[in-house]
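Next come the chains, spelled out residue by residue.
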Amino acid sequence: MNYKGIIKQNNIIIAGIVAIPFYWIFESVLHVVIFHDTNFIDQLLFPEPHEIWMRSFVAAFLIVLGVYIQLRVTERKKAEETLMESEGRYRSFMETLTDAVVSIDEDQAITFWNPAAESILGYMEDEVLGKSLEIVVPDKYLENHKKGVKRYLKTGKPKVVGKTVELEAKRKDGKIIPIELSLSVDKLKERYNFTGIIRNITERKEAEKEIQLKEENLRLLIDSSQDCICHISLDGKFLSMSAAGCRLNELDSKDELIGKNCTTGIVENLDEVEKGVKRALEGKTMSLQYKSVGKKGRKISWDSVITPVRDNNGEITSILRISRDITDKKFAEKKLKKAHEELKSLDTLKSDIIANVSHELRTPITIISASLDLIKNEEDKKERRELIIMAKDALNRQNRIVSDLIAATEMKLGNMDIKVSSFPINDLINLSVLDFETRGSNLKAKIVIQLEEDLPMIMGDFDQLKHAIQNLLNNAIKFNKGNEDVLIEAKKKKSIIEVCVTDKGIGMSPKHIKKIFDPLYQADSSAGRSYEGTGMGLAIVFKIIEAQGGKIWAESEEGRGSKFYFTLPTDNKGASRRG
Amino acid sequence: MARILIVDDDPSILILTKRILEKENHEMVIAKDGQECLEILGGDRPDLILLDVMLPGQNGWEVCKKIKKDPKTKNIPVVMFTVHTSRESVEKSLVNAHADAQINKPFEIEELIKTVEEFLKK
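Residues numbered from 1 in each chain as written. Chains lettered and ligands numbered in written order. Predicted model: local features only at pLDDT ≥ 70, side-chain atom pairs only at ≥ 80, totals over all residues. Heavy atoms only, no water.

Participant: Could you give an account of the pairing of strand β1 (residues 100–105) of chain A, with specific residues and numbers?
Facilitator: All names here are of chain A. Counting buried positions along β1 gives six out of six residues, so the element sits mostly inside the fold. Side chains of β1 alternate between two faces, with Ala-100, Val-102 and Ile-104 and Val-101, Ser-103 and Asp-105 buried alike. Strand direction decides the pairing type here: β1 and strand β5 (residues 191–200), joined by six bridges, are antiparallel. Looking at β5, one finds that Val-101 is bridged to Ile-197. Examined bridge by bridge, β1 and strand β2 (residues 110–113) share three bridges and lie antiparallel to one another. Residue pairing for β2: Ser-103 is matched across the bridge by Phe-112. (Buried < 20%, exposed > 50% of the residue type's maximum accessible area, 1.4 Å probe, protein only. Helix = DSSP H or I, 4+ residues; strand = E, 2+ residues; numbered from the N terminus. Pairing = 2+ DSSP bridges.)

The following block contains the structure:
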């Protein structure tokens, strides 16, 4: 401390000390004036002893007084300085604080308003001091705010005080902003003073909103997927399931399976799924298929991928299983496979028919060829005639085979033309038999016709029905034993006509009867084909009768013969007539 | 002159074959199916059998097997007489059913006569 400093620091003490010589001079002057007996120099330089004591005492008093005053002044100054410093610090703290600090008294009059409050709420300090806080409370909070203050003042029980709450505030420009409010209260001179720290959380809210939006988008994305997307915990429990997953599994709510084992409901390839989860825990991805049963019992086929979910550090935190419902696809595949099998068997059948027909055609060709060879060198007229008839017969047979083939082809293509007309059943049967007999001159059996009297007219395609009847007659004769008669009958039954062709031939086993109307049953090698014929005959009859709206069936006894029945609708409008 | 048994369910084939071979001075015996054929074989033995495949009841191959199994008839030459001309069918005739030869239908008269004569010479 230099000289000036000493003076400045202790100037009152110095003043006291400086005052001593002045006092000494003053006292000397005073003594001369009062007593007139001494001269001033004597008094100043050689005072009397009691004067010396007196003057010394006053000097000491002045020094002590100076020291005392000096001490008091220094103390006050120090206190002032500390206060100034603390206030300055407080002010700068308040000024730099980004949170608004606002105080109000019991009457809600604003008593403190820091710079952050100015920037957050838009009002300047001098604009609001003394005014009601209500200017920054949005209308919808106003009522509650008033009640809250009143209640606290009355009961002293805090609801918001001492806590941090999210609220909204109204800025000077009218804009409502989200805020976080921490409210504290203090009591000064029996009056409450409320201080709120207000933080503008607009950005935080926006960030939260953005995160929410992102989460919502992710959820929408997952839920708009048609796959069953399952989030699975490391211990194999469901954490969540996509909307499609819930729908496909026939669940009532999204939370139904949460917490349950991820293999719940799986009925096929369960071990594969378990293996997939285990692999995912090892960090591998696995594709697999499995079947499960929905809550309502639907059996579902799944095509699935199980894969680990990793966090930013690469740690496996959970498992993702994305499964696609391939039930329909599987079904379609199955159907396609079946259709393919059917097509394949049809193709085999077709090959069989071709083989069969070509064999079948060879017999008449053999007859024609041999007959012609014999005719060449035959002199006898009668013999020649016989051979010609035989060749002609064979040609007719060939013709029948070709007709069958054409009929079968037409049926396969589904465009069997029916030329419906009304005619007497008698005409149909008589003509069919007559035609059949003339075509086959060497019949093994006789055909007997038995027709009920007054049979009504029938509706149908005459030529097709003739073909059907002749096929039945051909069968009856082919399988006939010895020279038994073949019988053809027709009866009226209510609104239909029933026709029956009976033979006393080798008959059929019940197993065969079931299949005889199947296309080309005879062509089927497993049936142990041993009869001539294309095997198409009965299938053609079946189709023809069905197309006329009739029914066909057979009764048979092995070794005793067969009965083939078919029905035809009568023509209600046409008058009955005897054929 | 030889005795030939022809088995066929088609009357025209029977008549024609009979005529052709009768002109060559052979005695013709006729059977309409396998059953009848085996019955005939129970009596006088023919020198040759012409056997159709597509017969009612048991087919020609089955009949042939029976003939070849029976020590009394196994030495009679059997010629399958059939429309089944595929390699597979010929194999069935010659390997499975042990027939001696096969004549395919339709046939040439000369071929039939030649084949029959060949077997009869043996």
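There is more to say, and it comes next.
Participant: Run through the interface of chain B and chain A, naming residues and quoting values.
Facilitator: The partner chain A presents 23 residues to the 23 residues of chain B that form the contact. With both chains or domains summed, chain B and chain A bury close to 2,100 Å², and 60% of this area falls on carbon and sulfur atoms. Among the residues chain B hides against chain A, the three largest losses belong to Leu-16, Arg-19 and Met-54 of chain B. Together they make up 28% of the total. The tally of links between chain B and chain A comes to four salt bridges. With its nearest N and O atoms 3.0 Å apart, the salt bridge here joins Arg-19 of chain B to Glu-383 of chain A. Here chain B and chain A share seven residue pairs in polar contact (both at pLDDT 80 or more) between them. Looking at the side of chain B that touches chain A, the element that brings in the most residues is helix α1 (residues 11–23) of chain B, giving eight residues. When its residues are assigned to classes, the side of chain B that touches chain A shows twelve nonpolar, five polar and six charged. (Contact = heavy atoms within 4.5 Å. Buried area = accessible area lost by both parts, 1.4 Å probe. Salt bridge = Lys/Arg side-chain N within 4 Å of Asp/Glu carboxyl O. Polar contact = N/O pair within 3.5 Å; in protein donor to acceptor, adjacent residues only side chain to side chain. Nonpolar A, V, L, I, M, F, W, Y, C, P; charged D, E, K, R; others polar.)

Participant: Let's hear about the environment of Thr-96 of chain A: which residues, and what values?
Facilitator: Residues and elements named next belong to chain A. Mapped onto the elements of the fold, Thr-96 is located in helix α4 (residues 49–96). The exposure class assigned to Thr-96 is exposed, which follows from its relative accessible area of 61%. As for Thr-96 and Asn-114, which are separated by 18 residues in sequence, their C-alpha atoms are 9.2 Å apart. A polar side-chain atom of Thr-96 sits 2.8 Å from the main-chain carbonyl oxygen of Ser-92.

Participant: Tell me about the sheet that holds strand β4 (residues 78–82) of chain B, residues and numbers included.
Facilitator: Residues and elements named next belong to chain B. The strand order across the open sheet formed by five strands is β2-β1-β3-β4-β5, and the pairing between neighbours is parallel. Strand pairing shows two members of the sheet lacking a second neighbour, β2 (27–31) and β5 (101–104), which therefore form its edges. With strand direction ignored, the average angle separating the axes of adjacent strands in the sheet is 20 degrees. Inspection of the sheet shows β4 paired to β5 by four bridges, in the parallel sense. Bridge pairing in β5 places Thr-82 opposite Asn-104. Each of β4 and β5 touches helix α4 (residues 87–96); the most contacted strand, β5, lies at about 145 degrees to it. (Axes fitted to C-alpha atoms, helices over the stretch in contact; angles between N-to-C directions.)

Participant: If you had to explain unusual backbone geometry to someone new, which residues and values would you point to?
Facilitator: The omega torsion of the bond from Lys-105 of chain B to Pro-106 of chain B falls at -5 degrees, within 30 degrees of zero and hence cis. Relative to the helices and strands, Pro-106 of chain B resides in the loop between β5 and α5 (109–121). You will see that Glu-250 of chain A, though not glycine, has its phi angle at about 60 degrees, which is positive. Looking at where Glu-250 of chain A falls in the secondary structure, it is placed in the loop between α9 (243–248) and β8 (266–268). Judged by its relative accessible area of 16%, Glu-250 of chain A is buried.

Participant: Please give an account of the packing of α1 of chain B against α5 of chain B that cites residues and values.
Facilitator: Residues and elements named next belong to chain B. Between α1 and α5, the shortest axis-to-axis distance is 11 Å and the interhelical angle comes to 60 degrees. The chirality of how α1 crosses α5 is right-handed. For the pair α1 and α5, contact is made by Thr-17, Ile-20 and Leu-21 and by Ile-109, Leu-112, Ile-113 and Val-116, respectively. Taken together, the residues of the contact of α1 with α5 sort by class into six nonpolar, one polar and no charged. (Left-handed = near helix turned anticlockwise from the far one by under 90°.)

Participant: Tell me about the packing of helix α2 (residues 34–42) of chain B against helix α3 (residues 60–69) of chain B, and name the residues and values.
Facilitator: Residues and elements named next belong to chain B. For the pair α2 and α3, the least separation of the axes is 10 Å and the interaxial angle reads 20 degrees. Between α2 and α3, the angle falls in the class roughly parallel. Between α2 and α3 the crossing geometry is right-handed. Here Gly-34, Cys-37, Leu-38 and Leu-41 of α2 lie close against α3, whose contacting residues are Val-63, Lys-66 and Ile-67. Grouping the amino acids of the contact of α2 with α3 by side-chain chemistry returns five nonpolar, one polar and one charged. (Parallel < 35°, antiparallel > 145°, perpendicular 65-115°, else oblique.)

Participant: Give a detailed account of the confidence of the model for chain A, specifying residues and quantitative values.
Facilitator: Residue and element names in this part refer to chain A. Across chain A, the average pLDDT comes to 85, with 92% of residues at or above 70. Of the regions scoring below 50 in pLDDT, residues 523–530 engages in 15 contacts with residues more than four places distant in sequence or in other chains. Below a pLDDT of 50 lies the segment residues 575–579, which in the model reaches 13 contacts outside its immediate sequence neighbourhood of four places, other chains included. (pLDDT = per-residue confidence, 0-100.)

Participant: Before we move on, could you go through the pattern of salt bridges and cite the residues and values that matter?
Facilitator: Residues and elements named next belong to chain A. Applying the stated criterion across every chain, the model contains 35 salt bridges over all chains. With a closest N to O distance of 3.8 Å, Lys-275 and Glu-272 form a salt bridge. Of this pair, Lys-275 and Glu-272 both sit in helix α10 (residues 270–281), separated by three residues, roughly a single helical turn. Look at Glu-272 and you get partly exposed, because its relative accessible area is 25%. Through salt bridges with shared partners, one network takes in Glu-166, Glu-180, Arg-204, Lys-205 and Glu-208.

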